[in-house]
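# Chain and residue survey
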Amino acid sequence: MQHLDGNVLAGDLADVFGADLTAAVASCTVCGTRGALAELRVYRTAMGSVARCPQCDAVLVVVTRGPDHPMVSLVGLRALDSETVSTVSGWTSASRPTG
Amino acid sequence: MRVVLAVAEVPNGEVSPFLVHDLRPGDQVEMHGPLGAYFVWAPPAVDPVPVLNGPGSAGAAAAPSVPSASVLAPVQLIAGGSGVVPLFAMASAHSMAADDTPFRLLYSVRTPADVFFADELAAFATAPAPATLDLDVVYTREAPADSPRAPGRLTAELVRQLTWPAEASPRVFVCGPTPFVETVARWLVAMGHPPGAIRTERFGGA
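What counts as what
- Residues numbered from 1 in each chain as written.
- Chains lettered and ligands numbered in written order.
- Predicted model: local features only at pLDDT ≥ 70, side-chain atom pairs only at ≥ 80, totals over all residues.
- Heavy atoms only, no water.
- Pairing = 2+ DSSP bridges.
- Helix = DSSP H or I, 4+ residues; strand = E, 2+ residues; numbered from the N terminus.
- Contact = heavy atoms within 4.5 Å.
- Axes fitted to C-alpha atoms, helices over the stretch in contact; angles between N-to-C directions.
- Patch = residues over 30% accessible without salt bridge, like charges linked within 9 Å, V, L, I, M, F, W, Y side chains within 5 Å.
- Areas by Shrake-Rupley, 256 points an atom, 1.4 Å probe, with all protein chains shown as cover.
- Salt bridge = Lys/Arg side-chain N within 4 Å of Asp/Glu carboxyl O.
- Buried < 20%, exposed > 50% of the residue type's maximum accessible area, 1.4 Å probe, protein only.
- Right-handed = clockwise from strand over helix to strand, strands pointing away.

### So, the sheet that holds strand 6 (residues 59–65) of chain A
Residue and element names in this part refer to chain A. Spatially, 1-4-5-6-7 is the arrangement adopted by the 5 strands of the open sheet, whose pairing is antiparallel. Only two strands of the sheet have a single partner each, and these edge strands are strand 1 (4–5) and strand 7 (70–73). Contacts from helix 1 (residues 10–17) reach strand 4 (41–45), strand 6 and strand 7 within the one sheet, and its direction differs from that of strand 7 by about 90°.

As structure tokens, then:
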């Protein structure tokens, strides 16, 4: 299944939290990697979105949409930091081992 | 406020065919956005978009501080197809601010007819220095007669030739379909760009 990235979560997260969180720095509970929420790997279906850690593939965020509002689970986030992402090395798909 | 929307029609899509074929001048639409605080560029003179700007987050911690080194760094934009849209917005902001941050755009597109914002991009490319946009278009299927290259897919070698080298410490924004973004980002890291200097946005149609 073709993934997207955390940029697509901007609207749903804004609906729940009232702020744009895509530039916030997330840390993965499983492997501890930190990076912008926008760089998570996001798998979208009609039911909602599953955002996974680009390093270890753990499920970090799940968004489901009810009849009129989204619900967010931050199941795999150890922390969400409003620190600017420009100061952390971050994760990118490019730094993920291939194959 | 003037909002520019670029719509790439996806056959049998949920939203784009309606926007392309059904929406009429005078129709009322409800808008949510603009969204996305991550894949943005603002001229150095303007405060960057706050990471947390919603109710309840008022306070000093809300405004991210951008190191001055990154403010002065050149900006490299790399677009695949309609991925040029957010990059056009950055180039537009750069042009409107008459900002002198060096800007380059490498735009991979199938044919001349597929080029988004062709006139606007041409105008940015011929704007007086130092606000000029350094524009290179790589046509993958059909190239115009005056193109410096025969049509063909973007390669690592072309990216190396047509973008700022890692030594110039550019901030790089890559937007396009997922395979395009992942391939280009891998090439950039292999060329020595730090992953943290590369921002990406992958799109899918709806």
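### Section: the sheet that holds strand 8 (residues 77–81) of chain A
Residues and elements named next belong to chain A. Strand order in the open sheet formed by 3 strands is 3-2-8, and the pairing between neighbours is antiparallel. Two strands bound the open sheet, and with one partner strand each, they are strand 3 (34–36) and strand 8. Strand after strand, the sheet turns through a mean of 25° between neighbouring axes, direction not considered. Where strand 2 (residues 25–28) and strand 8 come together, 4 bridges link them in antiparallel fashion. Bridged to S27 within strand 8 is A79.

### Remarks on a nonpolar patch on the surface
All names here are of chain B. Side chains of M1, V3, L5, V7, V15, F18, L19, V20, V29 and M31 sit close together on the surface and give an oily, nonpolar patch of about 960 Å² of accessible area. With respect to the helices, strands and loops of the structure, F18 is situated in helix 1 (residues 16–22). Using a relative accessible area of 41% as the deciding quantity, one classes F18 as partly exposed.

### Remarks on the pairing of strand 5 (residues 198–203) of chain B
All names here are of chain B. In the sheet, strand 4 (residues 171–177) pairs with strand 5 via 6 bridges, with the strands oriented parallel. Residue pairing for strand 5: V172 is matched across the bridge by I198. In this fold, the crossover linking strand 4 to strand 5 by way of helix 6 (residues 178–190) has right-handed handedness.

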